[in-house]
Amino acid sequence: MHNFTLIKTKGDPGRTVNSLLAGLVEKELVQGVLTLAVGPFSSLPMPSLLCSIEQIKNSSPLAPAAGVSAAVHAARISRGPEKFRTAAVLRPCELRALVELAKLNQARLENLVLISMECPGRLENRRYLELRSEHPDLDVDYYLHPDLQAEASGTCLSCTDFIPEYVHLGICLLGLDLKQEIGISWHQEQGEELARVMEFVSGQESDSRRQAIKELEAARKNAWLNLQEKTAQEISTPEGLQKAIGDCLGCFNCQRACPVCFCRDCVSSREAFEQDPEELYDRGARKGSLRLPTDLTMFHLTRLAHMAHACVGCGQCSSVCPSRIPLADIFRTTGASTQEELGYRPGRSPDEPVPLVRFSEEKDT
Amino acid sequence: MNTQDNLKRHPGEETGQDLNVLALVCNWCTYTAADLAGVTRLKYPTQVKLIRFMCTGMIDVRYILRCFLEGADGVFIGGCHPGDCHYLSGNLKARVRIKGLRPVLEMAGIPEQRLRLSWIGASEGKKLQEELTGFTSEVRKLGPASFRQMHLV
């Protein structure tokens, strides 16, 4: 990579990113910024559409949290007319989800400046709030202390796609002394244009940076292979799956939190799913009893069948599950096989069609 | 039938069948082939129940999942040869969908041999007989599917 520059941070990498974002608005490249910000009544950073320079300078773009996936909100904001151009700061997984949504005509990428960062992982919301009460400077400390990063969500700790791909501006954090400097990389035509306006000067990447990326890649890959093997072993039997989803309440949180599950009216929540008392009695009589609510195995398998090819591995489904079902493990493991089978990687590029529409007489995909 | 009578029933008892094989078949090819097989007195296993669809392209993956969760031991899908679809590309859509569904079945603990997709043209009554016979005996080797008796979440 040669489109790379270093920016001095003066101790706070988050503030440096803030100034950069504010610069985009000041130079009228965008009208607003979508990034994490803390409101007056909670310390949990949430995706926010920031329009004033002052608010942008107080945002927390590097906060290690993702209360919800920002991808759906970036998609929604991007659907407006062209006069609303937004800089969206997303985690790599959120960026992949956004690209998937764009393929399904749910987002207009031409209205967005895509900014993403090398992601050491996010903390679960609850854990973020706990740690923040111990570390007031959590958003900075997190990047300096590996023991804090080890607290990241299980999904993140086994994520191998921590470097953003389809991005205009990349925030480079690995293998750098963030108290001193952060890196910015730029990509695609839009990225080049931004770099010109922002007057970035191309520089060299250090070997220590490459080394740090390599090390993290190896550790994450190892964790992922272990998780994949464990999930395949423990869950992929009829009994294993039932044990895994046995505590499901049918709240459909996983479906709502999933950034790529885009239908506004889910087949699982429609009336077609409702059964009349006679049918319930008939089904109950067949096996002696019937667990209520019914058809949750069907719900989870349907979601897998519909979305596994597009699973970007963000882990939101696991995070929101009140019964702590390892949904993300199930989804990522199934998704890995589906994606391999179909020769597809979700979120790589908006020009790559979704596999279900790629068919021909000779062969598929 | 009242509830207690119903409780005494065992799967397959009413039909005297040891297996439940569902064949979801296309109206324009495999179903016509089944007609031909009937006219020419070719026999296929009685465990197979044919369900006619206008096209394999309209077979939602949920239909297949539902078959398995309700206790089907095997699901057979018969469609037109590539290039012969009455609606141009329904069979190709079915093919790519089933390709994507297989890892899901694997995660659910359903062996992939329990689902077969075959192309059977309208004139291929003999092939229909062979495919259904072969599939049924393969499913028999796997034994009854465990979802049949299981209390599912």
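Computed from a predicted model, the values in this text were never measured in an experiment. (Residues numbered from 1 in each chain as written. Chains lettered and ligands numbered in written order. Predicted model: local features only at pLDDT ≥ 70, side-chain atom pairs only at ≥ 80, totals over all residues. Heavy atoms only, no water.)

Chemist: Can you lay out the overall build of chain B for me, pointing to particular residues and giving the numbers?
Modeler: Counting its regular elements, chain B contains 5 helices and 4 strands. In chain B, the order of α-helices and β-strands from amino to carboxyl end is α-β-α-β-α-β-α-β-α. Counting only residues that meet the buried cut, chain B has 52% of its 153 residues in that class. Expressed as a percentage of contacts within chain B between residues at least 6 apart in sequence, the contacts between residues at least 24 apart total 80%. (Helix = DSSP H or I, 4+ residues; strand = E, 2+ residues; numbered from the N terminus. Buried < 20%, exposed > 50% of the residue type's maximum accessible area, 1.4 Å probe, protein only. Contact = heavy atoms within 4.5 Å.)

Chemist: Go over the overall build of chain A, please, and point to the residues and values.
Modeler: When its secondary structure is counted, chain A shows 16 helices and 7 strands. Radius of gyration (C-alpha) of chain A: 22 Å, near the 21 Å computed for a compact globule of 365 residues. Across its three principal axes, chain A shows a C-alpha extent of roughly 70 × 45 × 45 Å. The 365 residues of chain A split such that 53% are buried. Long-range pairs, those at least 24 residues apart, make up 73% of the contacts in chain A between residues at least 6 apart in sequence. Accessible area for chain A stands at about 17,100 Å²; split by element, carbon and sulfur atoms hold 50% of it. The averaged location of the 49 negative side-chain charges in chain A is 2 Å from the averaged location of its 40 positive side-chain charges. (Rg over C-alpha atoms; globule rule 2.2 N^0.38 Å. Areas by Shrake-Rupley, 256 points an atom, 1.4 Å probe, with all protein chains shown as cover. Lys, Arg positive; Asp, Glu negative; His and termini not counted. Charge placed at Lys NZ, Arg CZ, Asp CG, Glu CD.)

Chemist: Would you mind going over the pairing of strand β5 (residues 112-117) of chain A in detail, with residue names and values included?
Modeler: All names here are of chain A. β5 sits mainly inside the fold: 6 of its 6 residues count as buried. Note: strand β4 (residues 86-90) against β5, 5 bridges, orientation parallel. Within β5, the residue paired with leucine 90 across the bridge is serine 116. Following the chain from β4 across helix α4 (residues 92-103) to the adjacent parallel β5, one finds a crossover that is right-handed. Where β5 lies against strand β6 (residues 169-172), 3 bridges are found, and the strand directions are parallel. Bridge pairing in β6 places isoleucine 115 opposite leucine 169. (Pairing = 2+ DSSP bridges. Right-handed = clockwise from strand over helix to strand, strands pointing away.)

Chemist: Please set out the packing of helix α14 (residues 296-307) of chain A against helix α16 (residues 327-342) of chain A residue by residue, giving values where relevant.
Modeler: All names here are of chain A. At a closest axis distance of 10 Å, the pairing of α14 and α16 adopts a crossing angle of 40°. For the element pair α14 / α16, the angle class is oblique. Regarding α14 and α16, the two cross each other, and that crossing is right-handed. Between α14 and α16, the contacting residues are His300, Arg303, Leu304 and Met307 on the first element and Leu327, Ile330, Phe331 and Thr334 on the second. The residue makeup of the contact of α14 with α16, split by class, is 5 nonpolar, 2 polar and 1 charged. (Axes fitted to C-alpha atoms, helices over the stretch in contact; angles between N-to-C directions. Parallel < 35°, antiparallel > 145°, perpendicular 65-115°, else oblique. Left-handed = near helix turned anticlockwise from the far one by under 90°. Nonpolar A, V, L, I, M, F, W, Y, C, P; charged D, E, K, R; others polar.)

Chemist: Describe the pairing of β4 of chain A, listing the residues and the values that go with them.
Modeler: Residues and elements named next belong to chain A. Of all 5 residues in β4, 5 are buried; the element is thus mostly enclosed. Along β4, one buried face is formed by Thr86, Ala88 and Leu90 and the opposite face, lined by Ala87 and Val89, is buried too. Pairing analysis gives 3 bridges linking strand β2 (residues 32-37) to β4, with the strands arranged parallel. Counterpart to glycine 32 in the pairing with β4 is threonine 86.

Chemist: Summarise the interface of chain B and chain A; cite the residues concerned and give the values.
Modeler: The partner chain A presents 48 residues to the 35 residues of chain B that form the contact. Here chain B meets chain A over a buried area of about 3,700 Å², counting both sides, of which 64% is carbon and sulfur. Seen at the junction of chain B and chain A, the total is 3 salt bridges. Residue arginine 283 of chain A is joined to glutamate 70 of chain B by a salt bridge in which the shortest nitrogen-to-oxygen separation is 3.8 Å. Here chain B is connected to chain A by 10 residue pairs in polar contact (both at pLDDT 80 or more). For the side of chain B that touches chain A, the secondary-structure elements that each account for two or more residues are α1 (3-8), α3 (61-69) and α4 (90-107) of chain B. Of all the elements, α4 of chain B adds the most residues to the side of chain B that touches chain A, at 12 residues. Here the side of chain B that touches chain A is composed, by residue class, of 16 nonpolar, 9 polar and 10 charged. (Buried area = accessible area lost by both parts, 1.4 Å probe. Salt bridge = Lys/Arg side-chain N within 4 Å of Asp/Glu carboxyl O. Polar contact = N/O pair within 3.5 Å; in protein donor to acceptor, adjacent residues only side chain to side chain.)

Chemist: How would you explain a nonpolar patch on the surface if you had to name every residue and give the values?
Modeler: Residues and elements named next belong to chain B. On the surface, Trp28, Met54, Met58, Tyr63 and Tyr87 cluster together into a nonpolar patch covering about 480 Å² of accessible area. For tyrosine 87, the location among the structural elements is in the loop between β3 (74-79) and α4. Judged by its relative accessible area of 40%, tyrosine 87 falls in the partly exposed class. (Patch = residues over 30% accessible without salt bridge, like charges linked within 9 Å, V, L, I, M, F, W, Y side chains within 5 Å.)

Chemist: How would you sum up the domain arrangement of chain A? Please name residues and give values.
Modeler: All names here are of chain A. Split into domains, chain A comes out as domain 1 (4-222) and domain 2 (237-356). The C-alpha centroid of domain 2 is placed 29 Å from the C-alpha centroid of domain 1. Counting residues at the interface gives 24 residues for domain 1, matched by 22 residues for domain 2. Between domain 1 and domain 2 the total buried area reaches about 2,100 Å² when both faces are included, carbon and sulfur atoms providing 53% of it. One salt bridge in this structure joins arginine 345 and glutamate 165, with 2.3 Å as the shortest N-O distance. Remark: the boundary between domain 1 and domain 2 carries 13 residue pairs in polar contact (both at pLDDT 80 or more). For the side of domain 1 that touches domain 2, the elements supplying multiple residues, two or more each, are α3 (71-78) and α4. Sort the elements by how many residues they give to the side of domain 1 that touches domain 2 and α4 lands first, with 7 residues. Class assignment of the residues belonging to the side of domain 1 that touches domain 2 gives a composition of 12 nonpolar, 5 polar and 7 charged. (Domains from an automatic or database assignment.)

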